[in-house]
Amino acid sequence: QSLFAAPTIAQLASSIEQGSDAEPVSSAITIPRAARDGHLPLSFSQERVWFIQQLDPGSLAYNTQTLHRLSGMLDVAALERSLNEIVRRHEIFRTTFPEVDGRPVQIIHPALTVKLPLIDLQRLDKEEREAVAQQLIHEELRRPFALTQLPLLRWTLLRLAAHEHVLILVEHHLVHDGWSANVLLSETLTLYEAFAAGKPSPLPELPIQFADFAVWQRQWMEGDVAKTQMAYWKQKLSDSPPSIDLPTDRPRSPQQSFLGATLHAALPPHIGAGLRALSKHEGVTLFMTMFSAFLILLYRYSGQEDLPVGTAIANRRWRETEGLLGMIINNVVLRTQMIGNPPFRELLRRVHTVTTEAYANQDLPFDQVVTAVQPGRDATRNPLFQIMFNFHDPPMPDLKRPHLMVSLDESISNGSAKFDMNVLVVPRAEQYLGKHPQSGTEEFLLVWEYNTDLFDESTIARMLEQYQILLANIVAHPEQRISDLRILPDAEKQQLLIEWNTPQTHYPHTRCIHELVEEQVALSSDAIALVYEEQHLTYAELNARANQVAHRLRQLGVGPETLVGLYLQRSLEMIVGLLGILKAGGAYVPLDPDYPIERIEYMLQDAQIPVLLTTSALSQKIAQQNLQPVYTICLESADEQKQLFRQPVNNIAVGSQPEDLAYVIYTSGSTGRPKGVQITHANVVRLFAATNPDFHFDRRDVWTMFHSYAFDFSVWEIWGALLYGGRLVLVPYLVSRSPEEFYRLLCREGITVLNQTPSAFSQLIWAEENSGTALELALRLIIFGGEALDFQKLQPWFERHGDQLPALVNMYGITETTVHVTRYRLSMADLERPAKSVIGRPIADLRIYVLDQQQRPAPIGVTGELFIGGAGLALGYLRRPELTAERFLPDPFGNQPGARLYKTGDLARYRCDGS
């Protein structure tokens, strides 16, 4: 067995590119003729495809198709005779594949006569002719094959004009591979030229047939070389990741459908020339260079550093297989590590090593590799890899013959795809592009086949464009690190940084929160401001009591920037206390009594609160921990009631500025110690100025305060009601934990604006379904926040209420950016979206960026970290300057001096519509 050993391949690899990317060929004949008695086996590649086809007999995934455009004087009789001679020469075209005893076998039939169908369209006008031709081509490509019946290839000839024809060729992959295509074309043209001239066939008889190769391959598997290669692949792929997790437009379906499409692009000749020159300089093949670029694209899209990608090997390393037709091709896995963000030249060296090792072990059939490695089986994925990268560069015959010119059309597709993504590079592609080669130029065709269950055409079109940009930058800057090479088109960068972050509305910061509430008091003093159980306060009553608290706090030294703790159960007094603190010029620090005492202790110590508003009972809990602030005001105590009663009820002027602190809310601590986030009056006021053009809040609105006042969603609930003169209904704690009671409260109080986490709203949907009463909701807005929203869970709600009113809005935000950042209006169409939560676009005075690890814009559809800029950013973390500097960064995108971005730590990606 005259196989190439690994050292031989390694020695040859560095010089392959000096000629071509073709595999070296052995001159010795090593494959004997096999007896034709008994059942003949399939090749291993054939067997794998045969089994896949049994799962879906009507699938077109393993049909291949080519259009030959023929210009000139065509001798149809000579062409038909040529096709018959091809079928006679090659047994594989007279072979069917039935099942015997549970296994597929080859049955070679003695004869098959080809009758070339000729459909004459030349009498139609040009427009109709083209339409009918495309329809006929589409129908021909969509016809499946039966593997037990001849033929497994078919030709159809369309006559468009006297000297213009289209020859459609459709084959099943069991009788064909990429190398076979050019052998078939070459033999057809040679025979046609001879027969048209009245000459006999000039082609010699074949030394072996495909069945001989299939038998020999089974025997080869018993040899030492096969065992050595199997050991190599077991070691190489034993811990390989099961997939490359590219961001998809839709979730993966539970069963592969093999539905697909293709996109094509011609690479500019100067880039192709540059790639060849670079490859020669670096001592690698053109395939290695272009494959390395593809790996960079996958790395940038997935963030994975361990990338298993498949590639097809022609498997024609024996002289007698060069002219053989059939499925000899083999697949190998090129597993490449991107660790360390290497320069491109270093990546080339890694790819060179990976590729030459794979070439040296290429003979082991892929299904045997799968058997050896034993990856976890998954009906939704191919084993070991889901993405392929291939070159199609076999010897191409001269397509110009006497009186006839042939060109190939690769733009057709039967609507199938065998993998998630399969990229094909065709160097020297002039014949596919309908061009004549010119001196000093070379055309490259890029063919991008993709699974349409996973990807939209627009997504693949962007990847195709980005791949070309990446190739151009590699030619210009091969010394750059792989993360620094540019892939974004200028237009997409402009879209991400500018177009999708407008309008950048600026809202003047002239008023404080409490001043806006005082304006509502002047407008509607008798309107109900607060409701809690059976109690309520008008705006005048709320304002008077808050003023008394403010005057009392001023006596204790509270003024601008003073932190005042609020440690109260949900009640009217809680809202009075919040407003009173702001009126005194202070900033409130909410301390929820439902928190563990250890968290309360931590926040009191961290904030160093000088004044605390609380009750006697809660004060005792703090006293037990020796945590008493300088002043503790127990609002319900008789002494404090006397103090408050003596305070004036008029508004107090303390000179507060919009840039002063309004509150400090502590984060949950899920990613470390809780952090106090410092938010100003201006942050809050502009939040409502920026969102109200969408929501139109006014004094007719009735809001719930459902959430803890130590959770920043409550900022939206409390001040959304009071800044616009609306009514705020404080939901009792036990009611908030009972979906049925809460649903009744919504109906009873006529709530118009409801703010909910998705999980809480799911319970409310259930409560409505099971209420059994004819209660009527007054809701006009339901706003989600705090969690990712699974759109599918809203289906029961939409089925009952439609998608007009109440309007459902998904909002994303974080404490450090003042409650809300983005908004997205939902409709019933969103039920078809994947489970990932669409969060929409930024509100009017914020900017959002999805950035990669180098903090550059990630392409549309690619996961990156979310960064936020604009007027909602907090001052920073209380007494944590190092952490503030780490998370609040200078804005690098040329906005106003001193502008900052907040590094959220959340992962996101842009959809192609800008949401």
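Everything numeric here is computed off the predicted structure, so don't read it as measured data.

Notes on unusual backbone geometry
A cis geometry characterises the amide bond from L150 onward to P151, with omega recorded as -5 degrees. One non-glycine residue, H403, lies in the positive phi region at around 70 degrees. Tracing the backbone through its elements, the reader meets H403 in the loop between β13 (400–401) and β14 (404–409). Here the phi dihedral of T818 falls at roughly 65 degrees; this positive angle occurs in a residue that is not glycine. As for its position among the elements, T818 is in the loop between β29 (807–812) and β30 (822–825).

What about the sheet that holds strand β36 (residues 900–908)?
What holds strands together in a sheet is hydrogen bonding between their backbones, with the strands either parallel or antiparallel. Ordered in space as β32-β33-β36-β35, the four strands form an open sheet in which the pairing is antiparallel. Bordering the open sheet on either side are β32 (846–851) and β35 (888–890), each of which pairs with just one other strand. This sheet shows a mean twist of 40 degrees between the axes of neighbouring strands, independent of strand direction. The pairing of β35 with β36 spans three bridges and is classified as antiparallel. For L889, the partnering residue across the bridge sits in β36 and is L901.

Structural notes on the sheet that holds strand β1 (residues 63–72)
Taken in spatial order, the six strands make up an open sheet running β6-β7-β8-β1-β14-β13, and their pairing is mixed. In the strand order of this sheet, the two ends are held by β6 (118–120) and β13, each with one partner.

Re the pairing of β32
Among the six residues in β32, six count as buried, and that is most of the element. With burial as the criterion, each face of β32 is covered, one bearing L846, I848 and V850 and the other bearing R847, Y849 and L851. The sheet contact formed by β32 and strand β33 (residues 864–870) spans six bridges and is antiparallel. By the bridge assignment for β33, V850 is matched with L866.

So, the packing of aromatic side chains
Enumeration over the complete set of coordinates arrives at 34 aromatic pairs. Ring plane angle 85 degrees and centroid distance 5.1 Å describe the contact between W50 and F51, whose orientation is recorded as edge-to-face. W50 gets classed as buried once you look at its relative accessible area, which sits at 3%. With a relative accessible area of 33%, F51 lands in the partly exposed category. Ring centres of W703 and W716 lie 6.2 Å apart, and the angle between their planes is 70 degrees; on these two criteria the pair is classed as edge-to-face. Pair noted here: W703 is in strand β25 (residues 702–705) and W716 is in helix α22 (residues 713–722), with a separation of 13 residues, a long-range link. Judged by its relative accessible area of 0%, W703 is buried. According to the relative accessible area criterion, W716 is buried, its value standing at 0%. Through successive ring pairs, a cluster of aromatic residues spans F287, F291, F294, F389, F391, W448 and Y467. The cationic tip of R81 hangs over the ring face of F195; the distance from NZ or CZ to the ring centre is 3.8 Å. Note that R154 overlies the ring of F145, its terminal NZ or CZ placed 4.3 Å from the centroid.

A word on helix α17 (residues 572–583)
Because the α-helix completes a turn every 3.6 residues, residues three or four places apart line up on one side. Along its twelve residues, α17 runs 17 Å from first to last C-alpha, staying within 8% of the 16 Å computed at 1.5 Å per residue. Among the twelve residues in α17, eleven count as buried, and that is most of the element. Buried within α17 we find L572, M574, I575, V576, G577, L578, L579, G580, I581, L582 and K583. Downstream of α17 by a residue or two, G585 has a phi angle that is positive, lying close to 95 degrees.

Looking at helix α24 (residues 739–749)
Of the residues making up α24, those classed as buried are P739, F742, Y743, L745, L746, C747 and E749. Looking at the buried positions of α24, the neighbouring elements they touch are β17 (528–532), β25, β26 (727–730), α23 (733–736), β27 (753–756) and α25 (758–769).

Concerning the layout of surface pockets
If you add up the space inside the second largest pocket, you get close to 830 Å³. Top element by residues in the lining of the second largest pocket is helix α11 (residues 366–373). It accounts for five residues. For the lining of the second largest pocket, a count of residues per class yields 17 nonpolar, ten polar and six charged.

Observations regarding the nonpolar core
Of all hydrophobic cores here, the largest spans 230 residues; its most connected members are M290, F389, I575, W716 and W719. At 13 residues, the largest contribution of residues to this core is made by helix α9 (residues 286–302). Not counting the four nearest positions on each side in its chain, F389 is found in contact with F287, M290, F291, F294, V309, G310, T311, N422, V423, V425 and Y467.

Some details on the packing of helix α7 (residues 224–237) against helix α10 (residues 344–360)
The relative placement of two packed helices comes down to the angle between their axes together with the axis-to-axis distance. As a packed pair, α7 and α10 sit with axes 10 Å apart at the nearest point and diverge in direction by 145 degrees. Note on element contacts: α10 touches α7 through V354, E357, A358 and A360, opposite Q229, Y232, W233 and K236. Considering only residue class, the contact of α7 with α10 consists of five nonpolar, one polar and two charged.

Here's the deal with empty space enclosed by the protein
With the rule as written, the count across this model stands at six cavities of 30 Å³ or more. Approximately 60 Å³ is the volume attributed to the second largest cavity. Lining the second largest cavity, in full, are P251, R252, S253, Q255, Q256, S257, T380, D420, N451, D453 and L454. Considering only residue class, the lining of the second largest cavity consists of two nonpolar, six polar and three charged.

Re the side chain of T815
By the secondary structure assignment, T815 is in the loop between β29 and β30. Apart from the residues within four sequence positions on either side, T815 is in contact with I665, V677, I679 and D712.

Concerning the side chain of N414
Looking at the secondary structure, you find N414 in the loop between β14 and β15 (421–427). In terms of polar contacts, N414 uses its side chain to reach the side chain of S416, at 2.6 Å. With residues up to four places along the chain from it excluded, the contact list for N414 reads L60, N63, Q65, L141 and R142.

Examining the packing of helix α15 (residues 513–523) against helix α16 (residues 539–555)
Two elements in contact, α15 and α16, have axes separated by 9 Å at closest approach and are oriented at 135 degrees. What the angle tells us is that α15 and α16 run oblique. Handedness of the crossing formed by α15 with α16: left-handed. Residues E518, Q520 and V521 of α15 touch α16, and the partners they reach there are Y539, A540 and N543. Of the residues contributing to the contact of α15 with α16, the split by class is three nonpolar, two polar and one charged.

So, how was this worked out
- Residues numbered from 1 in each chain as written.
- Predicted model: local features only at pLDDT ≥ 70, side-chain atom pairs only at ≥ 80, totals over all residues.
- Heavy atoms only, no water.
- Helix = DSSP H or I, 4+ residues; strand = E, 2+ residues; numbered from the N terminus.
- Pairing = 2+ DSSP bridges.
- Axes fitted to C-alpha atoms, helices over the stretch in contact; angles between N-to-C directions.
- Buried < 20%, exposed > 50% of the residue type's maximum accessible area, 1.4 Å probe, protein only.
- Phe/Tyr/Trp six-rings, centres within 6.5 Å; stacked < 30°, edge-to-face > 60°.
- Lys NZ or Arg CZ within 6 Å of the ring centre and 35° of its normal.
- Expected span 1.5 Å × (residues − 1).
- Contact = heavy atoms within 4.5 Å.
- 1 Å grid on protein atoms, 1.4 Å probe; cavity = no way out; pocket = protein on both sides within 12 Å on 5 of 7 lines; lining within 4 Å.
- Points joined across faces, edges and corners; volume = space filled by probe spheres on them.
- Nonpolar A, V, L, I, M, F, W, Y, C, P; charged D, E, K, R; others polar.
- Core = buried A, V, L, I, M, F, W, Y, C linked by side-chain atoms within 4.5 Å.
- Polar contact = N/O pair within 3.5 Å; in protein donor to acceptor, adjacent residues only side chain to side chain.
- Parallel < 35°, antiparallel > 145°, perpendicular 65-115°, else oblique.
- Left-handed = near helix turned anticlockwise from the far one by under 90°.

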